[in-house]
Amino acid sequence: MFNNFQSLADQQLSGATLTRQEAHAILDSTDDQLLDVVAAAARLRRTHFSNTVKVNYLVNLKSGLCPEDCTYCSQRLGSAAQILKYTWLKPEAVLEQAETGIAAGASRVCLVASGKGPADRDVERVATMVDGLKEAHPHVEVCACLGILKQGQAERLKACGVDAYNHNLNTSESKYKDICTTHEFSDRVRTVEAAKGAGLSPCSGLIVGMGESNDELIDAVFALRDLGSDSIPVNFLMPFDGTPLEGTWLLSPAQCVRILALVRFACPAAELRMAGGREMHLRSLQPLALNIANSLFLGDYLTSEGQPGQDDLAMIADAGFTVLGQQPAAAGSSSLHDAGAAAGSQPAIRRRGAGTQLAPNA
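Cut-offs applied
- Residues numbered from 1 in each chain as written.
- Predicted model: local features only at pLDDT ≥ 70, side-chain atom pairs only at ≥ 80, totals over all residues.
- Heavy atoms only, no water.
- Phe/Tyr/Trp six-rings, centres within 6.5 Å; stacked < 30°, edge-to-face > 60°.
- Buried < 20%, exposed > 50% of the residue type's maximum accessible area, 1.4 Å probe, protein only.
- Helix = DSSP H or I, 4+ residues; strand = E, 2+ residues; numbered from the N terminus.
- Pairing = 2+ DSSP bridges.
- Polar contact = N/O pair within 3.5 Å; in protein donor to acceptor, adjacent residues only side chain to side chain.
- Contact = heavy atoms within 4.5 Å.
- Axes fitted to C-alpha atoms, helices over the stretch in contact; angles between N-to-C directions.
- Parallel < 35°, antiparallel > 145°, perpendicular 65-115°, else oblique.
- Left-handed = near helix turned anticlockwise from the far one by under 90°.

Caption draft 1: Representation of the packing of aromatic side chains. Applying the stated criterion to the full structure yields two aromatic pairs. Measuring from ring centre to ring centre gives 6.0 Å for tyrosine 176 and phenylalanine 185, while their planes differ by 65 degrees; the resulting arrangement is edge-to-face. For the pair tyrosine 176 and phenylalanine 185, one class covers both residues: buried. Both rings, one in phenylalanine 297 and one in tyrosine 301, keep their centres 6.4 Å apart while their planes meet at 90 degrees; by these two values the pair is edge-to-face.

As structure tokens, then:
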């Protein structure tokens, strides 16, 4: 057993494999130890990714009306969540949406469609979208997320220019039957393996806060490690009204930080993305979490709004990080000060509390 979290970081930097006992120590660390955990995990993050943050941008190609029954999902079969529902976007609309994120600094565009998995004609539809996107922005990465793949579809996606494929494991194999009955954990593993075998970069992650035990969470993280996921998005459950998990609030900001640290220690060189739900669960600890995670989604998610994109970019700069692919701003430069002004930092004149008839701010 390690002596402290810095010695655990030393072990991981020397190539050690995180054990279950060590994983529990991270998740069970006290609030007094939280900054020690962050500082140790930050060493791993900076060794592999320096001070950069990879900005990803989601485009929801087809929303809602999914035949699967995943309990966490607002697009699931029988969902009463009041989300946008629409069929496939046209290629020109996809390019327009993607260019918004690219202009803000996104180096990867994630093309996502609801459903169990694509028909071959859907893969061809996505291939047309990718062709237009790559023609206009050849250096931007494209990640596809279309569900469970059939034979040959991963190869077709690779051939049309897709760089990565996302299919999250979401939770542990033992927990999976509690969150979905219309497909199995093994289906997800096979799709990630098929994508990897076709030469696509495997992107697979988690949803936390669904009632999983620490052992189940560790099982899921270790499964991602065994799969060799290059990119690991960690989603924090957004308990939409109208879904079976509505009203499920099981995470604290500090525990979210510990979960990110667990993933970083288990998979030191993986791109670790703080993904959906970060605003409502990490809350004011989002900048602290950037010392562990090196990636995020800019702006909105598939069916929910995120914090304003400019706030994301200001958060990255204010925490001392640089968007991947962009030149860092020099200390004291006007761009940093301008970002503060753009974020709405002009002083607001107090007109409540002492000396007024209005209640104070407390």
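Caption draft 2: The arrangement of the pairing of strand E1 (residues 52–62) in detail. Counting buried positions over the eleven residues of E1 gives eleven, a clear majority of the element. Sheet analysis places E1 next to strand E10 (residues 322–323), joined by two bridges and oriented parallel. Counted as the bridge partner of valine 53 is valine 323 from E10. As defined by bridge partners, E1 adjoins strand E9 (residues 295–297) across three bridges and the pair is classed as parallel. In the sheet register, valine 55 faces E9, and the bridge partner there is leucine 296. Two elements, E1 and strand E2 (residues 108–113), share six bridges in a ladder whose sense is parallel. Each bridged residue has a counterpart across the sheet, and for asparagine 56 the counterpart in E2 is arginine 108.

Caption draft 3: Looking closely at the side chain of serine 114. Position of serine 114 among the secondary structure elements: in the loop between E2 and helix H5 (120–136). Among the residues examined, serine 114 registers a relative accessible area of 10% and is labelled buried. Of the polar contacts made by the side chain of serine 114, one reaches the backbone oxygen of glycine 64; its length is 2.9 Å. Apart from the residues lying within four places of it in its own chain, the contact partners of serine 114 are Lys62, Ser63, Gly64, Cys66 and Gln75.

Caption draft 4: Here's a closer look at the packing of helix H2 (residues 20–27) against helix H10 (residues 253–266). The contact between H2 and H10 brings their axes to 8 Å, and the two run at 155 degrees. Considering their axes alone, H2 and H10 lie roughly antiparallel with respect to each other. As for how H2 packs across H10, the hand of that crossing is right-handed. Mapping the contact onto sequence places Ala23, Ile26 and Leu27 in H2 and Gln255, Arg258, Ile259, Ala261, Leu262 and Phe265 in H10.

Caption draft 5: Focus on the environment of leucine 227. By the secondary structure assignment, leucine 227 is in helix H9 (residues 214–227). Given a relative accessible area of 10%, leucine 227 falls into the buried group. The sequence separation of leucine 227 and leucine 89 amounts to 138 residues, and the corresponding C-alpha distance is 32 Å. For leucine 227, the residues in contact, after removing those within four places along its chain, are Leu169, Val189, Val192, Glu193 and Lys196.

By themselves, these figures tell us nothing about what the structure is for.
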